[in-house]
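Structural characterization, general
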Amino acid sequence: PKRTATPAQPSLSVDDIARVKVLLPLPFPGPLDYRVPDDMVLSPGEIVVVPLGRREELGCVWDDESAAPPDFAPPPARVVEASKLRAVCTRSDAPPFPPGWRRFIDWVAAYTLAPPGLLLATALRMQVSPAPRPALGWVRCEMPPDLRLTDSRRAVLAQASAVPLTTTDLARMAGVSSGVVRGLADAGGLRSVPMAPVGSSPSPDPEFAPPDLSTEQTEAAQVLVDAVKADRFQGILLEGVTGSGKTEVYLEAVAEALRAGRQALVLLPEIALSAQWVDRFARRFGTAPALWHSDLSPGLRRATWHGVLSGEARVVVGARSALFLPFRDLGVVVIDEEHETAFKQEDGFFYHGRDMGVVRASLSGVPAILVSATPSLETLANVESGRYRHLILTSRHGGATLPSVTLIDMRIDPPERGTFLSPVLVTAMEETMARGEQAMLFLNRRGYAPLTLCRSCGHRMQCPNCTAWLVEHRARGILTCHHCGHVEPIPETCPSCGAAGSLTPIGPGIERVLEEARARFPDARILVMASDTLGSPDATAHAVHQISNREVDLVIGTQIVAKGWHFPHLTLVGVVDADLGLGGGDLRAAERTVQLLHQVAGRAGRASAPGHVLLQSYACDHPVMLALASQDFRAFMDQEAAQRRPGHWPPYGRLAALIVSATSADVADTLANALGDAAPDQPGIAVLGPAPAPLAMLRGRHRRRLLLRAPRNVALQPILRAWRARVTIPAQARVDIDIDPVSF
Ligand code: ADP
Ligand code: ZN
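Residues numbered from 1 in each chain as written. Chains lettered and ligands numbered in written order. Predicted model: local features only at pLDDT ≥ 70, side-chain atom pairs only at ≥ 80, totals over all residues.

1. Notes on the overall build of the protein chain
Helix and strand counts for the protein chain stand at 19 helices and 31 strands. Its C-alpha atoms give the protein chain a radius of gyration of 28 Å, near enough to 27 Å, the size a compact globule of 744 residues would have. Oriented by its inertia axes, the alpha-carbon framework of the protein chain measures out at about 90 × 70 × 50 Å. The 744 residues of the protein chain split such that 49% are buried. Pairs at least 24 apart in sequence give 74% of the contacts found in the protein chain among residues at least 6 apart. (Helix = DSSP H or I, 4+ residues; strand = E, 2+ residues; numbered from the N terminus. Rg over C-alpha atoms; globule rule 2.2 N^0.38 Å. Buried ≥ 20, exposed ≤ 12 C-beta atoms within 10 Å, placed from the backbone. Contact = placed C-beta atoms within 7 Å.)

2. Some words on the UniProt feature "binding site: Zn(2+) 2" (unreviewed entry) in the protein chain
Here, UniProt's "binding site: Zn(2+) 2" (unreviewed entry) annotation points to Cys463, Cys466, Cys481 and Cys484. The largest pairwise C-alpha distance within this set of annotated residues, which runs over 22 residues, is 8.6 Å, so the set is compact in three dimensions. Tracing the chain through its elements places Cys466 in the loop between β19 (451-454) and β20 (471-473). Those residues in contact with Cys466 that lie beyond four places of it in its chain are Cys481, His483, Cys484, Leu695, Met697, Leu698 and Arg699. With respect to the helices and strands, the residue Cys484 is situated in the loop between β21 (478-480) and β22 (487-489). Overall, the presence of 18 C-beta atoms within 10 Å leaves Cys484 in the partly exposed class. Contacts of Cys484, omitting those with residues within four sequence positions, involve Cys463, Asn465, Cys466, Leu698 and Arg699. (UniProt positions renumbered as here; feature names shortened; annotations may be inferred.)

3. What about the environment of Val667?
With respect to the helices and strands, the residue Val667 is situated in helix α18 (residues 665-677). Among the residues examined, Val667 registers 17 C-beta atoms within 10 Å and is labelled partly exposed. The contacts of Val667, once residues within four sequence positions are left out, are Ala662, Pro730, Gln732 and Ala733.

4. Some words on the confidence of the model for the protein chain
With 96% of its residues at a pLDDT of 70 or more, the protein chain has an overall mean of 90. Low pLDDT, under 50, characterises residues 1-14; the predicted model gives this stretch 25 contacts beyond four residues in sequence or across chains. Scoring the predicted complex yields pTM 0.86 and, for the interface, ipTM 0.96. (pLDDT = per-residue confidence, 0-100.)

5. Looking at the nonpolar core
Counting 195 residues, the largest nonpolar core has Val22, Val254, Ile369 and Leu615 as the members making the most contacts within it. With residues near it in sequence (within four places) discarded, Ile369 still touches Leu224, Ile236, Leu238, Tyr250, Ala253, Val332 and Val334. (Core = buried A, V, L, I, M, F, W, Y, C linked by C-beta atoms within 7 Å.)

Structure, rendered in structure tokens:
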């Protein structure tokens, strides 16, 4: 415990009083200085109440020096004269924040230029709220021999697993009333366990069911286990073809952390994925991990938070925000599907979950394992420069072969007028389903049609708040904007020329593909998987379950189907519009399209029957299509690297985006131009823009963008801080800084 903190520089007054830095949950540039009353002893991490203006605020006693590296740490704050310091009011009994957590907050704040207090805000509320009593959930158990089984009880049992589910969730998933679940439980057909990883819930057991790994898997797993044992930071890329058992392999690193009595964090790009993941985890370790995502109920959230802090929650699987949990003793960080752009947060404050995951591991001095079938160029560059180790799994588990990939040239083999599936694809679907195997159609577009056009005057139905077309959702009878959520009824007449019945949907969304599939295959059992049809992780789990159980012949989905699902009976994947992601002039579009479509392709043929993938494209000679067809990603990534290297584009240079936004176009332009005029003028540093941002209007705000590009050895943060400070930002406008933007 410390009483005095030495000021960073001597102040003018005689200063022998005890000072302390306190971080408040407010958008200040850093912690504020307070005086420690004589009868108080304070340590960093503790929670205190301090005066601020005329009110009192909760805050966290902070470390004297920022943990961020000097090249991008914020400049030290001016030392306040002793006589002007106000005293800390009280010290709270809430548990203190651990040092690794504080270092991480400092680091992330300095790197992303976010005010550290804002990163503290949510965490502080969690920390001071007491851990709730755990809610109970139902799991499967040994059945009493005399249990009476009805159809609805059987439906409940089919949904129950080792993962505890609430009565409501279980009832919803089984399509029965809550009474059935309670009745079954009363009859001894279900066992209750705490939902949260607190108190009596069992710890994952690393020896519960060790897998039988292939030679290749064993070697990779051994390297990971040794890395966890070594107990120091290392970046490791675990690359493996789809279905090679990457999960089984990295779970051995998790097992090692458990054996060492430490915690493990597994980050998934989207929490929808966690359904199958949790099941697999439970099979390996005998119990469920703690989940962390934005859909958790407040009670479970608090319970998990406190479980992580106390160390009782041993393994957390979560979305990127799980990085900000106060781990007591982290032993390993795994970032699954590391190439996914869903790891990037662009809302409120901007950070990349993958990169911050590596930082989290490095600040804790433990390995970071990055997992992918199609690693990002960033990660490959780190492998190439020797910063990361590289492990490769070359074959699918259990003798399954990689799917064949065939391009359908839509110029040569077009669909009939008014349809979207080419005859080749339709035939392949027919044959697949006739064999009793499953088929999947992938189209990364929700709704019925992406554009509604007036055939009389050419008017396009546009969002009033965004630079975007309104998307028809026919099932709901609406037009909606996928960016701001604006909704309007589908008009009878054209709002521009008044013509009746002239509005026409242009192009397909998955509802329209569904319509076509229903017409062509009236007997097929079709399941739609899209983020708007599957509201919750449980609904996703249910859909996945139905596919694995062969209750479905045809799956039609958006990007949610491209995740790491294991569908053993699925042998055909048809990509309705393989060119979809390539427009838009984003330098990273090609890389992203390859990753996405390869990931979708990887859903096919994961068990004994071989898989086939058909890609419908109007650009069959595009490098992306050639790479997908040849499955030679290394060559493709080499080309990508060769294109980005000379111009210092990421990952061969640093990039930041300044996004100016205002409700008035004039204000946005004026500020963007002022920023342009005040742009840093340094050799090697390029400023591009101002230009309209990729969505020039979003939620009613006009957006302009400037890009700052520099060689890798230049830290952008000091340049950006100085740049921002040279311009006055009017109250009606804002400037968001996005370090390492994912689109450029
Ligand atoms: P990836 O993540 O590389 O696509 P998965 O980890 O999903 O691959 O593995 C594919 C399937 O093979 C899963 O059902 C997994 O449980 C199974 N599998 C992989 N390795 C083994 C193993 N050694 N023993 C048993 N099953 C395995
Ligand atoms: Zn909109």
